[in-house]
Amino acid sequence: MSVADKMSSRDEALEDAFGAPLADLYAQAVRSGASPALTRALEVRAMLALSEEQVALVRDRVHASMAPTGDLDGLSAESLQTDVYWLDAALSGRRAYLKTLDALLTAMPPPPTRAATLTSRLPPAQPASSAPVRPAVRGR
């Protein structure tokens, strides 16, 4: 599975900042002349997605080992301590990627908006016969 297919907690913010769905952003990034901000944002997003996946893996492993139906003979404080170190490292990386990506997105100008279409409604044209008739004024 490509990192582009993994979800991250900032995907919606990226889509909002760049004004396109994530798949389109990845397509734009591989074209020549891609925005450096987009390229960097997607690089940080990839690292964020991987770190979030690591956090989830450790969390799930700890939950499984601590489950009420788990094997008490297989429970090890040493193993759980290793998971604590691993989780701390994964969470630390995630926080750093979030901070970096949020700073980048905050510094970005808003995405271009489509020009608003102005419409005006004029009153319907009146037929010539309904115009008031003014008497002709003749000079004296």
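Residues numbered from 1 in each chain as written. Predicted model: local features only at pLDDT ≥ 70, side-chain atom pairs only at ≥ 80, totals over all residues. Heavy atoms only, no water.

**Q** Report on a nonpolar patch on the surface, specifying residues and quantitative values.
**A** Taken together, the side chains of Met-66, Leu-72 and Leu-75 define a hydrophobic patch exposed on the protein surface, amounting to about 320 Å² of accessible area. Its location among the elements puts Leu-75 in the loop between α3 (36–65) and α4 (77–107). A relative accessible area of 36% means that Leu-75 is categorised as partly exposed. (Patch = residues over 30% accessible without salt bridge, like charges linked within 9 Å, V, L, I, M, F, W, Y side chains within 5 Å. Areas by Shrake-Rupley, 256 points an atom, 1.4 Å probe, with all protein chains shown as cover. Salt bridge = Lys/Arg side-chain N within 4 Å of Asp/Glu carboxyl O. Helix = DSSP H or I, 4+ residues; strand = E, 2+ residues; numbered from the N terminus. Buried < 20%, exposed > 50% of the residue type's maximum accessible area, 1.4 Å probe, protein only.)

**Q** So what's going on with the nonpolar core? Residues and values would help.
**A** The biggest cluster of nonpolar side chains holds 16 residues, and the ones touching the most others in it are Leu-14, Phe-18, Leu-22, Leu-25, Leu-42, Leu-101 and Leu-105. Considering each element in turn, this core owes the most residues, five residues, to α3. (Core = buried A, V, L, I, M, F, W, Y, C linked by side-chain atoms within 4.5 Å.)

**Q** Could you give an account of the pattern of salt bridges, with specific residues and numbers?
**A** Evaluation of the coordinates by the stated rule reveals six salt bridges. In this structure, Asp-102 and Arg-10 form a salt bridge, with 2.8 Å as the shortest nitrogen-oxygen distance. Here Asp-102 is found in helix α4, whereas its partner Arg-10 is found in the segment before α1 (11–18), with 92 residues between them in sequence. Accessibility expressed as a relative area gives 23% for Arg-10, which makes it partly exposed. For Asp-83, the salt bridge goes to Arg-61, with nearest N and O atoms at 2.9 Å. Residue Asp-83 is found in helix α4, and its partner Arg-61 is found in helix α3; the two are separated by 22 residues along the sequence.

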